[in-house]
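Each chain is listed here by its residues.
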Amino acid sequence: MQKKSKESESVKVCIRCRPLSTGEMNAGHTVVVEIKNTGEIFVKRPFTDEPPKQFTFDAAFDWNNSQQQIYENTSAQIISNVLEGYNGTIFAYGQTGTGKTHTMAGVEDDHKQRGIIPRAFEDVFKGVQSDSVKTQFLIRASYLEIYNEECRDLLSKNPKKKLDLHEKPDSGVYVKDLSYFAVKDVSEIREVMNIGQKNRSVRETMMNAASSRSHSLFTITVERSEIGADGKPHIRVGKLNMVDLAGSERLSKTGAVGDGAKEAAKINLSLSTLCHVISALTDPKATYIPYRESKLTRLLQDSLGGNTKTVMIANVGPADYNYDETLNTLRYASRAKNIQNKPRINEDPKDALLREYQDEVQKLRQQLAAIQSGADPSELMKKHGIIGKQVIEVEKQIFIEDKEKMREFEDKLQQEKNDIRKKAEEEKQLIIQQKNLREEEKQKLLEELQKREQEQEKAKSKQQKLIQKLKKMEEKMIAGSQVMEVAKKQQKELMKTKKILEKERQQEEDLQRQLKEKEKGRMQIIKKFNNLQEELEFTNQKMENLWKEYQELTHEHNNIRDDFDRERNDMYDTIYELSNQLKLKNLIIENFIPPEDYKKIEKITEWNDDINDWVIRKPDFKETKAGSKRPQSAVGMKRPTSEYSRIAKGLGDLNPRYKFDNILQLDLDMPERTTEDYEGMPSSKVQQAIQAILNDDDNVNDNIPISTLINFNDQCLQDENEKKKATRLKSAKRPKSAKKKE
Ligand SMILES: Nc1ncnc2c1ncn2[C@@H]1O[C@H](COP(=O)(O)OP(=O)(O)OP(=O)(O)O)[C@@H](O)[C@H]1O
């Protein structure tokens, strides 16, 4: 059941401007941004006499404000709301290199430079510690990124795996299969963040040495259980999203190419969808909010126009060359101020993990109590089902009295185990010393003794394991601490004072605004004039003011038109980049995918609105005709066979298609012969030489002169070569090379 709040509240929008970077200073850039502590920001168009543009936000911070001040004034309140059971979102928005990551994560090793996320960790656990001892908490963390319009789990073993978005009517949009880690203290949650950060997609760009190329979302889910007025435990669940968006970047300005350009195009597309969502939410004529057009806006759906308490921190740069981007950020931030959310406490949700957890701990306690009282724990198991089937990794702190009892019980078990061993050893010695027993009898008795000892030890070990398990599970649930009751009260007082101060500051700002309005209106009040001259002067003054106002409005109008032109050009750049990618993909399809395969794929795929992607359509079995049944394998055979093949095989047809198995037989592939056997009678000289070789050595010398023999060798070879040549020319066919497949 979710408690509905009647109040609706606007998204809180704060501005943060970083200092000029060393590079900007060296390049001679000047500061065009001025920030007042009333939440006002003035931006002056460089190299003009135009009056600076002015915007007012809930708060505005410049380079003199510390990370601590930013945290306290933008986020601290949301953390305590989350502990009460509200959903909260803090997100940093702005041009690339303006300090979003610095604001959200900051510098980990430097205590002063830590950003909102690590500071939130400390406040979450402080809040838990300062709560009542009777309140139990379960805290989980998850970390994901949206890279190139794909959701990825930064805590998964495979952080590049694409995850899908799904929606439930009661809990809204969620990421399927996203991992959650239960954490019991600040060091554990910090560890989770560090693991995730190592997996983030970061790249050096012309605007930032370590630019985030993805939107990242760190979520802390806080479940709290308290005993209500009805004496029953009630669970509230608050979810805190901390979002570091990738920065918008003009392709023409950053000169990104290749993967960088592809990333930038996707980043710009999702950010422009965010801007369209903001515009639609604040446009009274809008009938449709384009949440579904990007993964980012789907995940932020509850934070923008939903049931969440939301803070947007718009980051800007101070330098003149970023004037257009700064103005653009401020315009969208200004619109976002008008988004109305309806935050509500999430009470007793169906899928609270803490409840499951409490049930498990309860069962383990009963089991342990049964063991202590000598009852059979297996009876309890039967009664309550298998315990610990779904051990969930969570955190907690045990109640002191239980802790002591548990330690006593553990010590007792260890003592009993030692006694068993000691007793067994004594009995063993007694058996060995018995003289009236035969050796076999002794051996048998010793074996029995050892078996008994092992069984007893096993039973005790089992009990020890049960205690360990219970301890581990209880450690996953954090309980409030009584010691901190006083601190809690002080903190509450502090928050209350802060709220009052904040309210007063806002009232003061409102008054100042009203004063300015009145100043303007004062000139228009009709008053009596003493003479015509006075009336003329007044009218002239009024005309001058109106003319000034008209000029300002004309300027503003021109600037907005320029902005739209610029935005349109950026969109053209993005479209150009996407068209290039499309052309490349078409080229690959046309040249490397057979048209029939392409058609087949096209026929079976469809667009899925839920996951915003193409999917293979599920076959509609009703539409397709019931196909013939797959034939059964012939008895004793490896594959199905038909009557025809049986007959063919029976008639001795060796065609492999009639075989009963799929064994492929390949005969040895012999090379084609290209020589010919010698034919005809050899010449007389050759015959003589052969004869000479066949005869005895002595005879050779007698019948053939040595020169002849020498000549024979040459001549013989010559004859043979010529013959071979002739034969080759006549008969040898050069083997043909394999035909190239078309
Ligand atoms: N308030 C600040 N004080 C000092 N340095 C800052 C401040 N804000 C940002 N920086 C510095 O400016 C640089 C860019 O900041 P960061 O990476 O946070 O920008 P980003 O908006 O997250 O950029 P991208 O969108 O490209 O990821 C970093 O070197 C960071 O340390």
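The rules behind each value
- Note on numbering: residues in each chain are counted from 1, in written sequence order.
- The model is predicted, so local features are restricted to residues of pLDDT at least 70 and side-chain atom pairs to those at 80 or more, both for listing and for counting; the totals for chains, interfaces and linings are taken over all residues.
- Side-chain descriptors were evaluated using all non-hydrogen atoms of the structure, hydrogens and water having been removed beforehand.
- Only runs of H or I of at least four residues qualify as helices and only runs of E of at least two qualify as strands under DSSP, and these elements are numbered from the N terminus.
- Each residue is placed in one exposure class: buried if its accessible area under a 1.4 Å probe, protein chains only, is under 20% of its type's maximum, exposed if it is over 50%, and partly exposed if it falls in between.
- Two strands make a pair as long as DSSP finds a minimum of two bridges between them.
- With axes taken as lines fitted to C-alpha atoms, and helix axes fitted only over the stretch in contact, angles between N-to-C directions fall between 0 and 180 degrees.
- Note on terminology: a nonpolar core comprises buried Ala, Val, Leu, Ile, Met, Phe, Trp, Tyr and Cys residues joined through side-chain atoms within 4.5 Å.
- Pairs of residues are marked as contacts when any of their non-hydrogen atoms sit within 4.5 Å.
- UniProt positions are given in the numbering used here, feature names are shortened, and annotations may be inferred rather than shown by experiment.
- We call a residue near a molecule or strand whenever a single non-hydrogen atom of that residue lies within 4 Å of it.
- Whenever two N or O atoms come within 3.5 Å, that pair is a polar contact, provided that in protein one can donate a hydrogen and the other can accept it, and provided that, for residues adjacent in sequence, both atoms are side-chain atoms.
- A 1.4 Å probe and the Shrake-Rupley method give the accessible areas. Residues count as covered only by the protein chains that appear here.
- We call Asp, Glu, Lys and Arg charged. Ala, Val, Leu, Ile, Met, Phe, Trp, Tyr, Cys and Pro are nonpolar, and the rest, Gly among them, are polar.
- Here a patch means residues that are over 30% exposed by relative accessible area and free of salt bridges, tied together within 9 Å if like-charged and within 5 Å if nonpolar (Val, Leu, Ile, Met, Phe, Trp, Tyr).
- What makes a salt bridge here is a side-chain nitrogen of Lys or Arg within 4 Å of a carboxyl oxygen of Asp or Glu, nothing more.
- Here a helix's expected span is defined as the number of its residues, less one, multiplied by 1.5 Å.
- Oblique is the label for every angle not falling under 35 degrees (roughly parallel), over 145 degrees (roughly antiparallel), or within 65 to 115 degrees (roughly perpendicular).
- Crossings are classed by handedness, with left-handed meaning an anticlockwise turn of the near helix from the far one by less than a right angle and right-handed meaning a clockwise turn.
- Scored from 0 to 100, pLDDT records how confident the predictor is in each individual residue.
- Here a pair means two rings of Phe, Tyr or Trp (six-membered ring of Trp) with centres within 6.5 Å. Their orientation is stacked below 30 degrees between planes, edge-to-face above 60, and tilted elsewhere.
- Criterion for a charge above a ring: Arg CZ or Lys NZ at most 6 Å from the ring centre, at most 35 degrees from the ring normal.

S.K.: It is not clear to me how the overall build of the protein should be interpreted in this structure. Could you clarify?
M.R.: Counting its secondary structure elements, the protein contains 21 helices and 22 strands. In the protein, which comprises 742 residues, the proportion classed as buried is 37%.

S.K.: Where do I start with the sheet that holds strand β4 (residues 40-43) in this structure?
M.R.: Hydrogen bonding along the main chain pairs the strands of a sheet, whether they run parallel or antiparallel. Spatially, β3-β4-β5 is the arrangement adopted by the three strands of the open sheet, whose pairing is antiparallel. Lying at the two open borders of the sheet, with one neighbouring strand each, are β3 (33-35) and β5 (53-56). Going across the sheet, the axis of each strand differs from the next one's by a mean of 20 degrees, ignoring polarity. The pairing of β4 with β5 spans four bridges and is classified as antiparallel. Looking at the pairing, Glu40 lines up with Thr56 of β5.

S.K.: Whenever I open this one, the nonpolar core confuses me. Can you help?
M.R.: The tendency in soluble globular proteins is for nonpolar side chains to be buried side by side. Counting 47 residues, the largest nonpolar core has Ile15, Ile41, Tyr93 and Leu274 as its most contacted members. What Ile41 contacts, discounting residues up to four positions off in sequence, is Ile15, Val33, Glu34, Ile35, Lys53, Gln54, Phe55, Phe57, Val316 and Leu330. Grouped together as the second largest cluster of nonpolar side chains are 39 residues, Ile78, Ala92, Ala120 and Val222 included.

S.K.: Even after reading the chapter, I still don't get the UniProt feature "binding site: ATP" (unreviewed entry) in the protein, so can you show me in this structure?
M.R.: As annotated in UniProt, the feature "binding site: ATP" (unreviewed entry) corresponds to Gly94, Gln95, Thr96, Gly97, Thr98, Gly99, Lys100 and Thr101 in the numbering used here. Along the chain, Gly94 turns up in strand β7 (residues 87-94). On the secondary structure map, Gly97 appears in the loop between β7 and α4 (100-104).

S.K.: Could you clarify how one ought to interpret the site of the ligand in this entry?
M.R.: Residues in contact with the ligand amount to 15 residues; listed here are only the nearest, Thr96, Lys100, Thr101, Ser211 and Ser212. Between Thr98 and the ligand, the recorded distance is 3.2 Å, taken from a backbone N or O atom to an oxygen atom. Between Thr101 and the ligand, the recorded distance is 2.8 Å, taken from a side-chain N or O atom to an oxygen atom. The protein chains hide 73% of the 630 Å² of surface that the ligand would expose on its own. Mapped onto the shell around the ligand, the elements with two or more residues apiece are α4 and β15 (211-212). Looking at the shell around the ligand element by element, the count peaks at three residues for α4. Residues of the shell around the ligand, tallied by class, amount to one nonpolar, eleven polar and three charged.

S.K.: Would you take a moment to explain a nonpolar patch on the surface for this structure?
M.R.: Together, Leu584, Leu587, Ile588, Phe592, Ile593 and Tyr598 make up an exposed nonpolar region whose accessible area comes to about 600 Å². With four residues, the top contributor of residues to the nonpolar patch is helix α16 (residues 532-592). Structurally, the position occupied by Phe592 is in helix α16.

S.K.: Is there a simple way to explain α16 in this structure?
M.R.: Along an α-helix, a turn takes 3.6 residues, which lines up residues three or four apart on a common side. Here α16 contains 61 residues, and its C-alpha end-to-end distance of 88 Å stays within 8% of the 90 Å for a straight helix at 1.5 Å per residue. Listed as buried for α16 are Phe538, Asn559, Asp563, Arg566, Asp570, Thr574, Glu577 and Gln581.

S.K.: Is there a simple way to explain the packing of helix α3 (residues 76-84) against helix α5 (residues 116-129) in this structure?
M.R.: To describe two helices that pack against each other, one gives the angle between their axes and the distance between the axes. For the pair α3 and α5, the least separation of the axes is 10 Å and the interaxial angle reads 40 degrees. Put simply, α3 runs oblique to α5. Along this stretch, α3 crosses α5, giving a crossing that reads as right-handed. For the pair α3 and α5, contact is made by Ala76, Ile79 and Leu83 and by Ala120, Asp123, Val124, Gly127 and Val128, respectively. The residue makeup of the contact of α3 with α5, split by class, is six nonpolar, one polar and one charged.

S.K.: Any chance you could explain the pattern of salt bridges here in plain terms?
M.R.: Between side chains of opposite charge, a pair can form when the charged atoms approach closely. Under the defined criterion, the tally for this structure stands at 21 salt bridges. Note that Glu167 and Arg292 form a salt bridge whose closest N and O atoms lie 3.7 Å from each other. Of the two residues, Glu167 sits in strand β11 (residues 165-168) while Arg292 sits in the loop between α8 (258-282) and α9 (295-299), which places them 125 residues apart along the sequence. By relative accessible area, which is 43% here, Glu167 ends up partly exposed. What makes Arg292 partly exposed here is its relative accessible area of 33%. Measuring nitrogen to oxygen at the nearest pair gives 3.2 Å for the salt bridge that ties Arg224 to Glu226. For Glu226, a relative accessible area of 23% gives the class partly exposed.

S.K.: What is the right way to look at the pairing of strand β18 (residues 308-316) in this model?
M.R.: Both faces of the sheet carry side chains from a regular strand, because those side chains alternate between them. Taking burial as the measure, the nine residues of β18 include nine buried ones, the bulk of the element. Alternating positions in β18 separate into two faces, Thr308, Thr310, Met312, Ala314 and Val316 on one and Lys309, Val311, Ile313 and Asn315 on the other, with burial throughout. Both strand β2 (residues 12-17) and β18 contribute to a ladder of six bridges, which runs parallel. Paired with Arg16 across the two strands is Asn315, which belongs to β18. Bridge analysis of β7 against β18 gives eight bridges, and the strand direction is parallel.

S.K.: Where do I start with the confidence of the model for the protein in this structure?
M.R.: Atomic detail in the predicted coordinates should be set aside for any region of low pLDDT. This prediction gives the protein a mean pLDDT of 77; 75% of its residues lie at or above 70. Per-residue pLDDT, averaged within each element of the protein, yields its smallest value for helix α12 (residues 377-384) (43) and its largest for β2 (96). Note on residues 737-742: pLDDT under 50 across the span, and zero contacts to partners over four residues away in sequence or across chains.

S.K.: Where do I start with the side chain of His215 in this structure?
M.R.: Relative to the assigned elements, His215 resides in strand β16 (residues 215-227). Polar contacts involving the side chain of His215 include one to the main-chain amide nitrogen of Ala246, which spans 3.0 Å. Other than its neighbours up to four places away in sequence, His215 contacts Leu144, Glu145, Ile146, Arg200, Asp244, Leu245, Ala246, Ile267, Ser270, Leu271 and Leu296.

S.K.: Looking at this model, I keep getting lost on the environment of Ser142. Mind explaining?
M.R.: You can see Ser142 is positioned in strand β8 (residues 136-147). For Ser142, a relative accessible area of 2% puts it in the buried group. Along the backbone, Ser142 and Ala182 are 40 residues apart, and their C-alpha atoms lie at a distance of 9.1 Å. Aside from chain neighbours lying at most four places away, what touches Ser142 is Leu155, Leu178, Ser179, Tyr180, Leu217, Phe218 and Thr219.

S.K.: Explain the packing of α5 against helix α6 (residues 186-198) to me, please; I cannot follow it from the model alone.
M.R.: Remark: α5 packs on α6, axes separated minimally by 10 Å, with the N-to-C direction vectors making an angle of 150 degrees. In terms of their interaxial angle, α5 and α6 are classed as roughly antiparallel. Of the two elements, α5 crosses α6, and the hand of that crossing is right-handed. Facing Ile117, Pro118, Phe121, Glu122 and Phe125 of α5, the residues of α6 in contact are Val186, Ile189, Arg190 and Met193. Here the contact of α5 with α6 is built from residues that sort into seven nonpolar, no polar and two charged.

S.K.: Sorry, what's going on with the packing of aromatic side chains here?
M.R.: The geometry of an aromatic ring pair comes down to the distance between the two centres and the angle between the two planes. Taken as a whole, this structure holds five aromatic pairs when the rule is applied. With 5.4 Å between their ring centres and 25 degrees between their planes, Trp547 and Tyr550 make a pair best called stacked. Within this pair, Trp547 and its partner Tyr550 are both found in helix α16, separated by three residues, close to a single helical turn. The exposure class assigned to Tyr550 is partly exposed, which follows from its relative accessible area of 49%. Consider the rings of Trp607 and Trp614, whose centres lie 5.6 Å apart with planes at 75 degrees: the pair is edge-to-face. On the basis of relative accessibility, which here comes to 42%, the residue Trp607 falls in the partly exposed class. On the basis of relative accessible area, Trp614 is assigned to the exposed category, the value being 55%. One aromatic cluster is present, built from ring pairs that chain together Phe121, Tyr143 and Phe218. Residue placement shows Lys168 over the ring face of Tyr174; its charged tip is 5.1 Å from the ring centre. It is Lys309 that lies over the ring of Tyr86; its NZ or CZ is 5.0 Å from the centre.

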